[in-house]
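Architecture at a glance
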Amino acid sequence: MPLFIGLMSGTSLDGIDAALVEIPGEAGTPRLLAHHAEPMPAPLRERLWALCHADAARFADLAAAEEAFCGLQAAAVAALLAGSHTPRETVAAIGSHGQTIEHAPYGHATGGHAGGPAYTLQLDNPSRLAELTGIAVVADFRRRDLAAGGQAAPLAPAFHQALFRAPGQWRLVLNLGGFANLTLLPPLEDPRAPLGFDSGPANALLDAWHARHRGGAFDTDGAWAASGRVDEALLARLLEEPFFHRPPPRSTGRELFHLGWLANRLRGDERPEDVQATLAELTATSVALAVEMAREQLEAPSPERLIPCGGGAHNRDLLARLARRLPEARLADAAEWGWPADWLEAGAFAWLAQRRLAGLPGNLPSVTGAAGPRVLGGVYAP
């Protein structure tokens, strides 16, 4: 069976996820064989963080960060192959997402007003990665969808469809990374196409607020958020953000939702733990609003299964809030389908690499808003 590797580094900048995936042809169900998490060294994380928040960056700075990031990708591939005892020659290709530096599907935002051409920038060097690993690399997945009039995100819903769509049941796949995106899957026999889009922030604001007031990378199990009380007035101000009410297709990122955005909506006398609780409730509420929007667009019933993935799938407080907001959807563990929650995003880019080599579309126009199905990514030979 053909083997593919998917590499994913998300907005948390905490490391590179590498997934070894077996894909038995166009109609076969992808199977996760092995996985490896390569931690992001603090100096590289700080360099990438600075680039993500820079008004301008020198090409030399981008090139230096790209070289270090590419070396980390190669280390992740080497560790994955060694740990799974997989010969390099058996891997058909690596699907590399790269590291998003900026995502502006509505054009560059200056002073809160979008303008200019839409763009998305992922720091990556697939030519160098092919040299370092001796394996073909498929990369630059997003810009073809953008060129076809799409948002270039989210791309994982097509993979969610391949894994989770089933007869007789509406299912909701919810990725809780730095930002939350959902995929509403009709039953297999239903002719309607899946719908997916970003609902808003998930871990990005929670992690940043926690780091500012408590230190550490994240709020384990959402314990700090659970110790606070939701500030309903603050929640209402946060929900006034127009993005939450924009119809799909839509996508977002740190360009909109960051601590400065939050600070502009604080009175200044809030207890930090209450703000954390309110941010967790913002994620749950904005997801529920997005699900209702998706249901209305598809004229769909409430989903029967909610399948969380990403880092937020381990946040018990956040999952409890989601369960209260979406009471008709039963929480299900993605591991029931052989895919632990942490590895779906990396698996998606292995699957997209396979689609590119087979000349098959990788996007869902019903999700991104592109003019039609497109073959995504470029191929870089070893």
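Residues numbered from 1 in each chain as written. Predicted model: local features only at pLDDT ≥ 70, side-chain atom pairs only at ≥ 80, totals over all residues. Heavy atoms only, no water.

1. Concerning the pairing of strand β10 (residues 179-185)
With seven of seven residues buried, β10 lies mostly within the body of the structure. Burial of the side chains of β10 extends over both faces: F179, N181, T183 and L185 are buried on one face and A180, L182 and L184 on the other. Sheet analysis places strand β9 (residues 171-176) next to β10, joined by six bridges and oriented antiparallel. If you follow N175 over to β10, its bridge partner there is N181. (Buried < 20%, exposed > 50% of the residue type's maximum accessible area, 1.4 Å probe, protein only. Helix = DSSP H or I, 4+ residues; strand = E, 2+ residues; numbered from the N terminus. Pairing = 2+ DSSP bridges.)

2. So, the sheet that holds strand β13 (residues 330-331)
The sheet built from five strands is open, its strands ordered β11-β10-β9-β12-β13 with mixed pairing. For this open sheet the edge positions go to β11 (195-201) and β13, each flanked by a neighbour on one side alone. Strand contacts of helix α5 (residues 156-164): β9, β10 and β12 (305-309), with the helix running at about 45 degrees to β10, the strand carrying the most contacts. Contacting β9, β12 and β13, helix α11 (residues 316-325) runs over the sheet at an angle of about 145 degrees to β9. (Contact = heavy atoms within 4.5 Å. Axes fitted to C-alpha atoms, helices over the stretch in contact; angles between N-to-C directions.)

3. Description of the packing of helix α2 (residues 59-84) against helix α3 (residues 126-133)
Contact geometry of α2 with α3 gives a least axis separation of 9 Å together with a crossing angle of 40 degrees. Viewed along their axes, α2 and α3 adopt a mutual orientation that is oblique. Our pair here, α2 against α3, has a crossing hand that is right-handed. Mapping the contact onto sequence places E67, C70, G71, Q73, A74 and V77 in α2 and R128, L129, L132 and T133 in α3. Its residues assigned to classes, the contact of α2 with α3 shows five nonpolar, three polar and two charged. (Parallel < 35°, antiparallel > 145°, perpendicular 65-115°, else oblique. Left-handed = near helix turned anticlockwise from the far one by under 90°. Nonpolar A, V, L, I, M, F, W, Y, C, P; charged D, E, K, R; others polar.)

4. Section: the pairing of strand β1 (residues 3-9)
Burial runs high along β1: seven of the seven residues are buried. Burial along β1 is two-sided: the residues L3, I5, L7 and S9 and F4, G6 and M8 are all buried. Pairing of β1 with strand β2 (residues 15-22), which is carried by six bridges, proceeds in the antiparallel orientation. Across the sheet, residue I5 finds its bridge partner in β2, namely L20. Between the end of β1 and the start of β2, which pair antiparallel, lie five residues, with L13 showing a positive phi angle near 60 degrees. Across six bridges, the pairing between β1 and strand β4 (residues 91-104) is parallel. Across the sheet, the residue bridging to L3 is V91, located in β4.

5. Quick look at the packing of aromatic side chains
For the coordinates displayed, the defined rule picks out eight aromatic pairs. Seen from their ring centres, F159 and W339 are 5.3 Å apart, and the 85 degrees between their planes marks the pair as edge-to-face. Of this pair, F159 sits in helix α5 while W339 sits in the loop between β13 and α12 (344-357), and the two are 180 residues apart along the sequence. Residue classification places F159 among the buried residues on the basis of a relative accessible area of 0%. Owing to a relative accessible area of 0%, W339 belongs among the buried residues under this scheme. Ring plane angle 70 degrees and centroid distance 6.4 Å describe the contact between F243 and F244, whose orientation is recorded as edge-to-face. Judged by relative accessible area, F244 falls into the buried class, the value being 2%. Feature note: the residues F243, F244, F257 and W261 constitute an aromatic cluster, connected by ring pairs. (Phe/Tyr/Trp six-rings, centres within 6.5 Å; stacked < 30°, edge-to-face > 60°.)

6. Describing the side chain of R254
Structurally, R254 can be placed in the loop between α8 (232-238) and α9 (259-263). We note that R254 is buried and unpaired, the nearest opposite charge coming from D207 at a distance of 6.5 Å. The residues contacting R254, other than those within four sequence positions of it, are T11, S12, W49, H53, F179 and A204. (Lys, Arg positive; Asp, Glu negative; His and termini not counted. Salt bridge = Lys/Arg side-chain N within 4 Å of Asp/Glu carboxyl O.)

7. Here's the deal with unusual backbone geometry
Between A153 and P154 the backbone carries a cis peptide bond, its omega angle lying at -15 degrees. Topologically, P154 is positioned in the loop between α4 (142-147) and α5. Going from P248 to P249, the amide bond is cis rather than trans, its omega being 5 degrees. Among the secondary structure elements, P249 is positioned in the loop between α8 and α9. Despite not being glycine, H85 has its phi angle at roughly 55 degrees, a positive value. Summarising the element assignment, H85 is placed in the loop between α2 and β4. At D140, a residue that is not glycine, the phi angle is positive and equals roughly 60 degrees. Position of D140 relative to the elements: it lies in the loop between β8 (137-139) and α4.

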